[in-house]
Amino acid sequence: KFLMNRYFILPIVLFCSSILFSQTNTGSPYSINELGEINFSGNVSNLSMGGIDVKIDSIEVNLNNPASYAKLKTSNYLVGTFLKTSNISNAFSNEIISSANINYIAVAIPTKRFGFGFGVLPYSSTGFNLQTNQDYNNANSIDTRVYGANGGINRVFFSLGFPLTKFLSLGLTSNYNFGKFEYESFNLYQGVNYGIYSNSSSEISGFNHQFSSNIDIPINKDLKFNIMLSYSPSSVLKSINAQDLYTSTTDLINANSLGDYVEVDLEKRGLKSTKLNVSKKYIYGIGFGNTNTWFIGAQVEKKFSSNFKNEFLNINNVSYRDAESISIGASYIPEYSSLTSFWKRVVYRFGLKNEKKSIIVNNLPINQFSLNLGLGIPLSGLSKANVGIEFGQIGEENDLIVKENYFSLRLGLSLNDIWFIRRKYN
């Protein structure tokens, strides 16, 4: 007979997924980018190394590299959370915003011939409230102009990894995406008592996929050279849209403030159902290290997003380009088998990432830079608590765009167990 050690994983996944699906994970104005601000970029352990995905091991699966499931030796339960605080500023104002949520929930299981896993995660988010400055309002005869958005895309994923040869592993991840974006705008013109409100929404659904390969080349008994290649083909998500227009004063509490109301017939305009492209993406990574002591790696990611277009949501002064990022990361374990010092068994991690984002605002390209630090704290058995911090900057401060300085604190649990145990005695 066989025993399964953990019956409580599924209820935890279902409970936590109901929480994460209901949250908005950002307040950044740059979350208007493509499908929103990307919440999930990998495990806490990998993010603490600049987000490189070439490093894999046998006790913690890399959710961003499905080929890593082929190397897994024990069942792996993963939960990640984050807390982010941003200081958003330009020449006219300064705001501080905070957000926190679950980042991923996953289960990975090895078998004799392959490894597989599944999970849920809030993939991207949009959430902000913007108001134009007085100079813009005067130039366009507007008293007030406000634009806001919230919502996001969630993912349910299934991953499979298997060894093709002793040194080469292949993997596949299939994602089902679903979610909703809501947008609101308000224009109050000079000399007009009633302003114009617009409420729009888009319900998103569809699949996309990722393929990856990992090559391990042994240099000698202790040293190993790694190569990782990942390809995500372009795919299409379906967007079902709705829009309402109405006039009102700024006093929305008073029912008499409401004026005309119109439900826009998007069917006639060909905008009831539109398509959103998920851009094609390549990732190349190399790494070198001693399995039980140190590792250093680098990664290049290229996303072909210049043709991205949202036909339903027409935003002035926003366009797109192909995105690219370069990351480097390293980890170090002083003495992984030390029996006398706890801190010698801790994994110390470091990473840098420089990214050319796809979004262009007011003809100015937006770039992002981040510094990452992290610890892998040993728990009982092979389990770990991964803690990571990130300091970063998006954009720059001037009259045309805003600068976002942010700090993120991440906590990830990587719990290990053997699901099936053969009884020795009846």
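About the criteria used
Residues numbered from 1 in each chain as written. Predicted model: local features only at pLDDT ≥ 70, side-chain atom pairs only at ≥ 80, totals over all residues. Heavy atoms only, no water. Helix = DSSP H or I, 4+ residues; strand = E, 2+ residues; numbered from the N terminus. Buried < 20%, exposed > 50% of the residue type's maximum accessible area, 1.4 Å probe, protein only. Contact = heavy atoms within 4.5 Å. Areas by Shrake-Rupley, 256 points an atom, 1.4 Å probe, with all protein chains shown as cover. Polar contact = N/O pair within 3.5 Å; in protein donor to acceptor, adjacent residues only side chain to side chain. Pairing = 2+ DSSP bridges. Phe/Tyr/Trp six-rings, centres within 6.5 Å; stacked < 30°, edge-to-face > 60°. Lys NZ or Arg CZ within 6 Å of the ring centre and 35° of its normal. Salt bridge = Lys/Arg side-chain N within 4 Å of Asp/Glu carboxyl O. 1 Å grid on protein atoms, 1.4 Å probe; cavity = no way out; pocket = protein on both sides within 12 Å on 5 of 7 lines; lining within 4 Å. Points joined across faces, edges and corners; volume = space filled by probe spheres on them. Nonpolar A, V, L, I, M, F, W, Y, C, P; charged D, E, K, R; others polar. Patch = residues over 30% accessible without salt bridge, like charges linked within 9 Å, V, L, I, M, F, W, Y side chains within 5 Å.

Peer 1: Which parts of the structure should I look at to understand the overall build of the protein?
Peer 2: Assigned secondary structure in the protein consists of four helices and 21 strands. For the protein, the residues scored as buried account for 46% of the 426 residues in total. The contacts of the protein with a sequence gap of at least 6 include a subset with a gap of at least 24, amounting to 65%. As displayed, the protein offers around 21,600 Å² of accessible surface, 57% of which is attributable to carbon and sulfur atoms.

Peer 1: What am I meant to see in the environment of Asp53 here?
Peer 2: As for its placement among the helices and strands, Asp53 is situated in the loop between helix H2 (44-47) and strand E3 (75-89). Discounting chain neighbours no more than four positions away, the residues touching Asp53 are Asn46, Asn62, Asn64, Asn65, Met228, Ile283 and Gln299. One polar contact links Asp53 to Asn64, side chain to side chain, over a distance of 3.4 Å.

Peer 1: Quick question: what am I supposed to make of the pairing of strand E17 (residues 347-361) here?
Peer 2: Strand direction decides the pairing type here: strand E15 (residues 318-320) and E17, joined by three bridges, are antiparallel. In the sheet register, Val318 faces E17, and the bridge partner there is Val361. Pairing of E17 with strand E18 (residues 364-378), which is carried by 12 bridges, proceeds in the antiparallel orientation. Paired with Tyr348 across the strands is Leu375, a residue of E18.

Peer 1: Could you clarify how one ought to interpret the environment of Asn187 in this entry?
Peer 2: In this structure, Asn187 sits in strand E7 (residues 168-189). Judged by its relative accessible area of 16%, Asn187 is buried. Between the C-alpha atoms of Asn187 and Ser198, which are 11 residues apart in sequence, the distance is 9.0 Å.

Peer 1: Looking at this structure, how should I read the packing of aromatic side chains?
Peer 2: Two numbers describe a pair of aromatic rings. These are the distance of the centres and the angle of the planes. If you walk through the whole model with that rule in mind, you get 16 aromatic pairs. Through pairs of rings, three or more aromatic residues link up here, namely Phe186, Tyr197, Tyr246 and Tyr261. Positioned above the aromatic ring of Phe295 is the side chain of Lys55, whose terminal nitrogen or guanidinium carbon lies 5.7 Å from the ring centre. In this arrangement the basic side chain of Lys84 is found over the ring face of Tyr406, its NZ or CZ atom lying 4.8 Å from the centre.

Peer 1: Hey, could you run me through the environment of Ser327 in this one?
Peer 2: Within the secondary structure layout, Ser327 lies in strand E16 (residues 323-332). Through-space distance from the C-alpha of Ser327 to that of Val300 is 6.5 Å; in sequence the pair is 27 residues apart. In this structure, Ser327 is in contact with Gly50, Ile52, Gly297, Ala298, Gln299, Leu352 and Lys353, ignoring residues within four places of it in sequence. Of the polar contacts made by the side chain of Ser327, one reaches the backbone oxygen of Gly50; its length is 3.0 Å.

Peer 1: Looking at this structure, I do not really get the pattern of salt bridges. What am I missing?
Peer 2: When charged atoms on two side chains of opposite charge get close, those side chains can pair. As enumerated under the stated definition, the model contains eight salt bridges in all. Asp216 is the salt-bridge partner of Lys71, the closest N and O atoms lying 3.0 Å from each other. Of this pair, Lys71 sits in the loop between H2 and E3 while Asp216 sits in strand E8 (residues 195-218), placing them 145 residues apart in sequence. Residues Glu404 and Lys84 are paired through a salt bridge, measuring 3.7 Å at the closest nitrogen-oxygen approach. Residue Glu404 is found in strand E20 (residues 403-417), and its partner Lys84 is found in strand E3; the two are separated by 320 residues along the sequence. Accessibility classification places Glu404 together with Lys84 in one group, the buried group. Within the structure, one salt-bridge network assembled from shared partners comprises Glu37, Lys84 and Glu404.

Peer 1: What's the story with empty space enclosed by the protein in this structure? I'm lost.
Peer 2: Going through the model one piece at a time under the given rule, you end up with two cavities of 30 Å³ or more. The wall of the second largest cavity is formed by Thr26, Gly27, Ser28, Lys84, Thr85, Ser86, Ile97, Ser98, Ser99 and Glu404. Breaking the lining of the second largest cavity down by element, the ones donating at least two residues are E3 and strand E4 (94-110). Tallied by class, the residues present in the lining of the second largest cavity amount to one nonpolar, seven polar and two charged.

Peer 1: Help me out: how do you make sense of the layout of surface pockets in this one?
Peer 2: One way to see where empty space is left: roll a probe the size of a water molecule over the atoms. One number sums up the size of the second largest pocket: a volume of about 1,200 Å³. If you trace the second largest pocket, you find 48 residues lining it, with Lys55, Asp57, Ser58, Thr291 and Asn292 closest to the centre. At the level of secondary structure, the elements contributing two or more residues to the lining of the second largest pocket comprise H2, E8, strand E9 (223-232), strand E13 (280-290), strand E14 (294-304), E17 and E20. Grouping the constituent residues of the lining of the second largest pocket by class yields 17 nonpolar, 18 polar and 13 charged.

Peer 1: How should the pairing of strand E12 (residues 273-278) be read in this particular structure?
Peer 2: For a regular strand, side chains alternate in direction, first toward one face of the sheet and then toward the other. Burial of E12 is one-sided: the residues Thr274, Leu276 and Val278 facing one way are buried, the residues Ser273, Lys275 and Asn277 facing the other way are not. Of the pairings in the sheet, the one linking strand E10 (residues 235-248) to E12 comprises six bridges and is antiparallel in character. For Leu237, the partnering residue across the bridge sits in E12 and is Leu276.

Peer 1: Which parts of the structure should I look at to understand a nonpolar patch on the surface?
Peer 2: Side chains of Leu83, Phe350, Leu373, Phe391, Phe407 and Leu409 sit close together on the surface and give an oily, nonpolar patch of about 470 Å² of accessible area. Residue position: Phe407 is located in strand E20.

Peer 1: Got a minute to help me understand the side chain of Ser338 in this structure?
Peer 2: As for its position among the elements, Ser338 is in the loop between E16 and E17. Residue classification places Ser338 among the buried residues on the basis of a relative accessible area of 4%. Each residue touching Ser338, except ones within four places of it in the same chain, is listed here: Lys344 and Arg345.

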